[in-house]
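Working through the structure, step by step
Here are the chains, one letter per residue:
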2 protein chains.
Amino acid sequence: MQIEFWFEFASTYSYPAAMRIEALAAERGATVAWRPFLLGPIFQQQGWNNSPFNIYPVKGNYMWRDLERICECMNIPLRRPSVFPRNSLLAARVAGANTEAAWLPAFVRATYQANFADDADISSPAVLERCLSTLGLDAAAILAGAQTPAAKDKLKALTAEAMERGIFGAPSIVVGRELFWGNDRLEDAFDWAARPGS
Amino acid sequence: MQIEFWFEFASTYSYPAAMRIEALAAERGATVAWRPFLLGPIFQQQGWNNSPFNIYPVKGNYMWRDLERICECMNIPLRRPSVFPRNSLLAARVAGANTEAAWLPAFVRATYQANFADDADISSPAVLERCLSTLGLDAAAILAGAQTPAAKDKLKALTAEAMERGIFGAPSIVVGRELFWGNDRLEDAFDWAARPGS
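Residues numbered from 1 in each chain as written. Chains lettered and ligands numbered in written order. Predicted model: local features only at pLDDT ≥ 70, side-chain atom pairs only at ≥ 80, totals over all residues. Heavy atoms only, no water.

**Considering the interface of chain A and chain B**
Here is the rule we go by: Contacts between residues were defined by any pair of non-hydrogen atoms, one from each residue, lying within 4.5 Å. Buried area, as used here, totals the accessible surface that two parts lose on assembly, with accessibility defined by a 1.4 Å probe and the loss added over both. Put simply, a salt bridge is a Lys or Arg side-chain nitrogen that is within 4 Å of an Asp or Glu carboxyl oxygen. Polar contact is defined as a pair of N or O atoms within 3.5 Å, subject to the rule that within protein one atom must be able to donate a hydrogen and the other to accept it, and that residues adjacent in sequence are counted only when both atoms are side-chain atoms. Only DSSP runs of H or I covering at least 4 residues are called helices, and only runs of E covering at least 2 are called strands; the numbering of each starts at the N terminus. Asp, Glu, Lys and Arg are counted as charged, while Ala, Val, Leu, Ile, Met, Phe, Trp, Tyr, Cys and Pro are counted as nonpolar; the rest, among them Gly, fall into the polar class.
Contact residues are listed per partner, giving 22 residues for chain A and 22 residues for chain B. When the two sides are added together, the surface that chain A and chain B hide from each other amounts to roughly 2100 Å², 52% of it contributed by carbon and sulfur. At the junction of chain A with chain B, the criterion picks out 10 salt bridges. Linking Asp184 of chain B and Arg185 of chain A is a salt bridge whose minimum nitrogen-to-oxygen distance equals 2.7 Å. Viewed at the interface, chain B and chain A are joined by 14 residue pairs in polar contact (both at pLDDT 80 or more). Of all elements in the fold, only helix H4 (57-74) and strand S4 (178-181) of chain A reach the threshold of two or more residues within the side of chain A that touches chain B. The element that contributes the greatest number of residues to the side of chain A that touches chain B is H4 of chain A, accounting for 8 residues. Its residues assigned to classes, the side of chain A that touches chain B comprises 11 nonpolar, 2 polar and 9 charged.

Structure (structure tokens):
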């Protein structure tokens, strides 16, 4: 039983989802296919050149408070990033080029923590290097690999695939042909995956 | 322990929320203050002259499928309204003028069922008359009352209050100074209301 977890490193609600999805999957006897993508091109198609949370500040205010409550309830730290949304291109290329690596989930979590707990600039190679090094990885080689044409194409392909699947926000979970949107739909997605015939 | 339930008769996710909130409140030993309002003026402030689910069809497609799953899970009927969003002005005036009536919750549910289960035009006085009559009420008198200046002003005041509280969508639940948005936040809102000091 496998679910696809589509996430964007700049996305606020992807943070709690990324932090809890592996434990939830283990509890449900499921596996997670990690699918990084970029929301920017998808938002642009809807006529937005910024996060809708910035374009619609009333909704943005709600989201920050809602996220605060969620993180408090999960007991994970939250510091509102001084820049939002942060440029997630390099981080997404690292993840896209290494979706099958055993260390990928830990890197994803470290990067979300850098962005949303430490207020670190995840577009900076130095910050990502730290996220990789603390996992005992060869950060320089991985970052170099993320800048190759193959890695760039891989992320483009993932973002195109997200669009094809009707994804319009993050996090999104795909189970077969069913799409679930939001940190608050993780349990529903696993329930769906557990249905007979899914 | 009381929570305010802010709803809009045209709003899709308000339908399952309205159908289940009383039972949930009873289970939690809480009471519900019913707060009808209009989303139209709030959407207009965000530059929208239509439902965002129509303006952004990818998101709209997802919403209809998501709603289908939710209604299936709750075992309540859903027929996608042939007109969306339906004009909810008259229904909201009826509700706004009768927020304290004992029959209000039943009228709210009947009206949501008309819109989302029977595909009936809830802007039609005949449809609302039916919703009221089946509850044994004097439909003609209630509908006449909903057209008075006082009833019109009441709904305007409720919509203005919704804006002041930072409401941008429906359903929304207000617990003291905390705002919760969405059918999927009902439980969280009741949890918050049950916190010591709330």
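Text resumes after the structure shown.
**So, the packing of helix H1 (residues 14-28) of chain A against helix H10 (residues 186-193) of chain A**
Residue and element names in this part refer to chain A. For the record, the criterion: Axes, fitted as lines to C-alpha atoms, cover a helix only where it is in contact. Angles between the N-to-C directions of the axes lie from 0 to 180 degrees. When an angle is under 35 degrees it counts as roughly parallel; over 145 it counts as roughly antiparallel; between 65 and 115 it counts as roughly perpendicular; any other value is oblique. In this scheme, a crossing is called left-handed if the near helix is turned counterclockwise away from the far one by less than a right angle; it is called right-handed if the turn is clockwise.
Two elements in contact, H1 and H10, have axes whose closest approach is 11 Å; the angle formed by their N-to-C orientations is 30°. It follows from the interaxial angle that H1 and H10 lie roughly parallel. Between H1 and H10 the crossing geometry is right-handed. Touching Ala17, Arg20, Ile21, Leu24, Ala25 and Arg28 of H1 are Leu186, Glu187, Phe190 and Asp191, all from H10. Along the lines of polarity and charge, the residues of the contact of H1 with H10 split into 6 nonpolar, no polar and 4 charged.

**Focus: the nonpolar core**
Defined as follows: In this description, a nonpolar core means a group of buried Ala, Val, Leu, Ile, Met, Phe, Trp, Tyr and Cys residues linked to one another through side-chain atoms lying within 4.5 Å. Exposed residues in this analysis have more than 50% of their type's maximum accessible area, buried residues have under 20%, and partly exposed residues fall in between, with area computed by a 1.4 Å probe over protein chains only.
Judged by nonpolar contacts, the single largest core of 143 residues is most densely connected at Phe5, Phe9 and Phe107 of chain A together with Phe5, Phe9 and Phe107 of chain B. Beyond its immediate sequence surroundings of up to four residues, Phe5 of chain A is in contact with Ser14, Ala17, Ala18, Ile21, Val32, Ala33, Trp34, Arg35, Pro171, Ser172 and Ile173 of chain A.

**Structural notes on the packing of aromatic side chains**
The description of an aromatic ring pair rests on the distance of the ring centres and on the angle between the ring planes. The following threshold applies: Note on ring pairs: Phe, Tyr and Trp rings are taken, using the six-membered ring of Trp, and paired if centres are within 6.5 Å. Classes follow the plane angle, with under 30 degrees stacked, over 60 edge-to-face and the rest tilted. To sit over a ring, a charge needs its Lys NZ or Arg CZ within 6 Å of the ring centre and within 35 degrees of the ring normal.
Evaluation of the coordinates by the stated rule reveals 42 aromatic pairs over all chains. Taken together, the aromatic side chains of Phe5, Phe7, Phe9, Tyr15, Trp34, Trp103, Phe107, Tyr112 and Phe116 of chain A make up a single cluster linked through ring pairs. Positioned over the ring face of Phe180 of chain B is Arg69 of chain A, at 3.8 Å from the centre of the ring.

**Quick word on the relation of the copies chain A and chain B**
Convention followed: Here the copies are superposed with least squares, the fitted atoms being C-alpha atoms of residues at a pLDDT of at least 70 in both.
Once chain A is rotated about the relating axis by 180° and shifted along it by 0.0 Å, it coincides with chain B to within an RMSD of 0.0 Å. What the rotation and shift describe, once combined, is the action of a two-fold rotation axis. The C-alpha atom lying nearest the rotation axis in chain A is that of Asp184 of chain A; the distance is 3.7 Å.

**Details of helix H8 (residues 139-146) of chain A**
Residues and elements named next belong to chain A. Definition in use: Arc definition: it is the arc formed by the directions from the helix axis to the C-beta atoms.
Among the residues making up H8, those that are buried are Ala139, Ile142, Leu143 and Ala146. All buried residues of H8 lie within an arc of 95° about the axis, which places them on one face of the element. Contacts made by the buried residues of H8 are with helix H5 (89-97), helix H7 (125-133) and helix H9 (149-164).

**Considering the pairing of strand S3 (residues 172-175) of chain B**
Residues and elements named next belong to chain B. Put simply, the rule is: For two strands to pair, DSSP has to find at least two bridges joining them.
Judged by which residues are buried, S3 turns out to be covered on both faces: Ser172 and Val174 on one side and Ile173 and Val175 on the other are all buried. Note: strand S1 (residues 2-7) against S3, 3 bridges, orientation antiparallel. The residue bridging Trp6 from the neighbouring strand is Ser172, located in S3. Where S3 meets strand S4 (residues 178-181), 4 bridges bridge the pair, whose relative direction is antiparallel. Looking across to S4, one finds that Val174 is bridged to Leu179. Here S3 folds back onto S4 in antiparallel fashion, the turn holding 2 residues, of which Gly176 has a positive phi close to 60°.

**Digging into helix H9 (residues 149-164) of chain B**
Residue and element names in this part refer to chain B. The line we're drawing: Given the number of residues in a helix, its expected span is that number minus one, multiplied by 1.5 Å.
Its 16 residues give H9 an end-to-end C-alpha distance of 22 Å, which sits within 8% of 22 Å, the value for a rise of 1.5 Å per residue. Along H9, the residues classified as buried are Ala151, Leu155, Leu158, Thr159 and Ala162. Taken end-on, H9 shows its buried residues confined to a sector of 95°, consistent with a single buried face. Pointing more than 90 degrees away from the buried face of H9 are the exposed residues Pro149, Ala150, Lys156 and Glu164. Where H9 is buried, its residues contact S1, strand S2 (31-36), helix H2 (40-45), helix H5 (89-97) and helix H8 (139-146). A positive phi of about 80° marks Gly166, the residue just after H9.

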